[in-house]
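Examination of the molecular architecture
These are the residues of each chain, in order.
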Amino acid sequence: VPRPDGRRAPRQHRCRDRRVRPARRRLIAQRVVGLTGATLEHAPSVCQTCVWWQSRPGRTVAKDRWIEKTEDDWGAWGALYRDDDGRLLGSIQYGHTQLFPRAADLPAGPPSEDAVLVTCVYVVSSATPWVEQSLFLAAIGEARDKGAKALEAFAYRYPEGESTYERFLVHR
């Protein structure tokens, strides 16, 4: 602070207690974690056994074998979003288009060979819109890190006036 005569007052060095204090660390729960065989039990219950995207029409697939092959070839095939207490808020499934053969049989398919395909997004509550955004950002980042040229998804057309519950919380 300048003195009345305009000159600055000399700095005063106060001697403070200079003991080294341990840094206070607050453990922050990781909110977005990869969807793998190890984390699948924390995914929405409807997703734990679903193999709709992993199979072709009229065929079935053993999910545990699909998981093993997918993790060897790709790694995590999606993400889970949890709150600080570990409760699930949402999930997203995505991966290289070859991991999801059903997409090739859809009317709008097949997806591009150089893309990452988002197949499912599950949000526990419509009161947490940032969950869906965070999950898509995780998918975009993973696609970029793996060198994908695009992130693609297929849409489901709901009847006019369908409720938010039916659109986002019911498994199709």
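Residue numbering note: each chain is counted from 1, following its sequence as written. The predicted nature of this model means local features are confined to residues of pLDDT at least 70 and side-chain atom pairs, given and counted, to a pLDDT of 80 or more, with totals for whole chains, interfaces and linings taken over all residues. Excluded from the side-chain calculation are hydrogens and water; included are all heavy atoms of the structure.

With respect to the nonpolar core
Buried residues of nine kinds, namely Ala, Val, Leu, Ile, Met, Phe, Trp, Tyr and Cys, make up a nonpolar core once their side-chain atoms join them within 4.5 Å. Think of it in three bands: residues with accessible area under 20% of the maximum for their type are buried, residues over 50% are exposed, and the middle band is partly exposed, with areas taken using a 1.4 Å probe on protein chains only. In terms of nonpolar packing, the biggest core is built from 27 residues, with Ile92 and Tyr94 touching the most fellow members. Discounting chain neighbours no more than four positions away, the residues touching Ile92 are Leu35, Trp77, Gly78, Ala79, Val118, Cys120, Val121, Leu135, Phe136 and Ala139. Throughout, a residue-residue contact means that at least one pair of heavy atoms, one from each residue, lies within 4.5 Å.

Some remarks on a negative patch on the surface
On the surface, Asp64, Glu68, Glu71 and Asp72 cluster together into a patch of negative charge. Since its relative accessible area comes to 62%, Asp72 is described here as exposed. Patch criteria: residues need more than 30% relative accessible area and no salt bridge. Like-charged residues are merged within 9 Å; nonpolar side chains of Val, Leu, Ile, Met, Phe, Trp and Tyr are merged within 5 Å. Shrake-Rupley sampling with a 1.4 Å probe provides the accessible areas, and residues are treated as covered by the protein chains on show and by no other component. Salt bridges are defined as contacts in which a side-chain nitrogen from Lys or Arg sits within 4 Å of a carboxyl oxygen from Asp or Glu. Charged residues are defined here as Lys and Arg on the positive side and Asp and Glu on the negative side; His and the ends of the chain fall outside this count. For charged residues, the charge sits on one atom: NZ in Lys, CZ in Arg, CG in Asp, CD in Glu.

A few points about the side chain of Thr70
Relative to the helices and strands, Thr70 is located in helix H2 (residues 63–73). With relative accessibility at 1%, the residue Thr70 sits in the buried group. Only DSSP runs of H or I reaching four residues or more are called helices, and only runs of E reaching two or more are called strands; each is numbered from the N terminus.

Here's the deal with helix H3 (residues 129–145)
One less than the residue count of a helix, multiplied by 1.5 Å, gives the span that helix is expected to have. Spanning 17 residues, H3 covers 25 Å between terminal C-alpha atoms, matching the ideal 24 Å at 1.5 Å per step. Listing the buried residues of H3 in full gives Val131, Leu135, Ala139, Gly141 and Ala143. In this structure, the buried side of H3 is in contact with strand S2 (78–82), strand S3 (88–96), strand S4 (115–123) and strand S5 (150–153). Where H3 terminates, the next one or two residues include Gly147, which has phi positive at roughly 80°.

Some points on a nonpolar patch on the surface
Residues Leu137, Ile140 and Leu151 make up a contiguous nonpolar surface patch of about 260 Å² in total accessible area. Residue placement: Leu151 occurs in strand S5. Owing to a relative accessible area of 31%, Leu151 belongs among the partly exposed residues under this scheme.

A short note on the confidence of the model for the protein chain
Per-residue confidence from the prediction method is given by pLDDT, with values spanning 0 to 100. On average, residues of the protein chain carry a pLDDT of 84, and 80% of them reach 70 or more. A low-confidence stretch, residues 24–28 stays under pLDDT 50, and its non-local contacts, those more than four residues away or across chains, total 1 contact.

With respect to the packing of aromatic side chains
A pair of aromatic rings is counted whenever rings of Phe, Tyr or Trp (Trp by its six-membered ring) have centres within 6.5 Å, and the orientation is called stacked for planes under 30 degrees apart, edge-to-face for over 60 and tilted otherwise. Using the criterion set out here, one finds 4 aromatic pairs in the structure. Summarising the aromatic geometry, the rings of Trp66 and Phe100 are spaced 5.8 Å apart at their centres and angled 45° between planes, so their arrangement reads as tilted. Taken as a pair, Trp66 in helix H2 and Phe100 in the loop between S3 and S4 lie far apart in primary sequence, 34 residues in all. One exposure class covers both Trp66 and Phe100, and it is buried.

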